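Breakdown of the fold
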Amino acid sequence: MAGISGTTFMTLFSYLISLAEKENFSEPERLGQLAGRLIPKLDRQQQQALGWLGHYGVGLLFAIVYVELWRRNVLKPDIRTSLWLGGLSGILAVAVWKTTFKLHPLPPALNFSKYYLQLVPAHIVFAVFAAVGYIALKSMNIQQAHQEFTYTIPDIS
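Residues numbered from 1 in each chain as written. Predicted model: local features only at pLDDT ≥ 70, side-chain atom pairs only at ≥ 80, totals over all residues. Heavy atoms only, no water.

**Observations regarding the side chain of E27**
So the rule is basically this: In this text, helices come from DSSP runs of H or I with a minimum length of four residues, and strands from runs of E with a minimum of two, each type numbered from the N-terminal end. Type-normalised accessible area, obtained with a 1.4 Å probe on protein chains alone, sets the label of each residue: buried when under 20%, exposed when over 50%, and partly exposed for intermediate values. Counted as positive: Lys and Arg. Counted as negative: Asp and Glu. His and the chain ends are not counted at all. Each salt bridge in this description consists of a side-chain nitrogen of Lys or Arg and a carboxyl oxygen of Asp or Glu lying within 4 Å of one another. Whenever two N or O atoms come within 3.5 Å, that pair is a polar contact, provided that in protein one can donate a hydrogen and the other can accept it, and provided that, for residues adjacent in sequence, both atoms are side-chain atoms. Contacts are assigned to residue pairs with any non-hydrogen atoms lying within 4.5 Å of each other.
By the element assignment, E27 lies in helix α2 (residues 27-38). This buried residue, E27, is left without a salt bridge; R30 holds the nearest opposite charge, at 9.1 Å. Engagement of the side chain of E27 in a polar contact is seen with the side chain of S14, the distance being 2.8 Å. Ignoring any residue separated from it by four or fewer positions in sequence, one finds E27 in contact with M10, S14, H55, W97, Y115, Q118, L119 and A122.

**Let's talk about the confidence of the model for the protein chain**
Filter applied, for reference: Confidence of the prediction at every residue is given by pLDDT, a number between 0 and 100.
Mean pLDDT for the protein chain: 90, with 89% of residues reaching 70 or above. Note on residues 149-153: pLDDT is under 50 here. Beyond four places in sequence and across chains, it has 0 contacts.

**Remarks on the packing of α2 against helix α4 (residues 79-103)**
We count it as follows: Simply put, an axis is a line fit to the C-alpha atoms, just over the touching stretch for a helix, and the angle between two N-to-C directions goes from 0 to 180 degrees. Our angle categories are set so that under 35 degrees counts as roughly parallel, over 145 as roughly antiparallel, 65 to 115 as roughly perpendicular, and the remainder as oblique. It is the rotation of the near helix from the far one that decides the hand of a crossing: anticlockwise by less than a right angle makes it left-handed, clockwise makes it right-handed. In the scheme used here, Gly and all other residues not listed as nonpolar or charged are polar, with Ala, Val, Leu, Ile, Met, Phe, Trp, Tyr, Cys and Pro taken as nonpolar and Asp, Glu, Lys and Arg as charged.
Between α2 and α4, the least distance of the axes is 12 Å, while the angle of their chain directions is 25 degrees. The angle between α2 and α4 falls in the class roughly parallel. The two elements α2 and α4 cross, and the hand of that crossing is left-handed. Residues E27, R30, L31 and L34 of α2 lie in contact with α4, whose contacting residues are W97, T100 and F101. A per-class count over the contact of α2 with α4 returns 4 nonpolar, 1 polar and 2 charged.

**Some points on the pattern of salt bridges**
By the definition in use, this model includes 4 salt bridges. K114 serves as the salt-bridge partner of E21, at 3.2 Å between the closest nitrogen and oxygen. Of the two residues, E21 sits in helix α1 (residues 2-21) while K114 sits in helix α5 (residues 112-149), which places them 93 residues apart along the sequence. Residue K114 is classed as partly exposed on the basis of its relative accessible area, which comes to 32%. The residue R71 makes a salt bridge to E68 at a minimum N-O spacing of 2.8 Å. Of this pair, R71 and E68 both sit in helix α3 (residues 44-71), 3 residues apart, roughly one helical turn. Counted as one network, the salt bridges with shared partners bring together E21, E23 and K114.

So this is what it looks like as structure tokens:
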């Protein structure tokens, strides 16, 4: 739940920034484009599918790390922690994307500075909504557990 909610809202944020800046900052589309340039036999639909799978896959990996930190009480899933955790994740993401673009034989033509700049707040959005998803699921599990273990005392009168 944390990975899905975080990745979904991060992607929405990137699309909104893309509209505002009139440039494509969509991570799934960039990943699909990179895959298509490495494997030219992929059609557009396959490229898009790989891009989305890759994007959500990475989001789930980030979320697994976050959830373990929260579950072990190393960090709290709150706004303050999410802001700096997202900022650190964004810096890591910039490093990964820079490396990916440098190593790729046919990187896309884009304004890399703007792309990297939007990645940090996008990852802050990811971290905040990953925490929201984690808290929501934890709350649902607590309520479900309570319902399962709550019983009524039979009336024996």
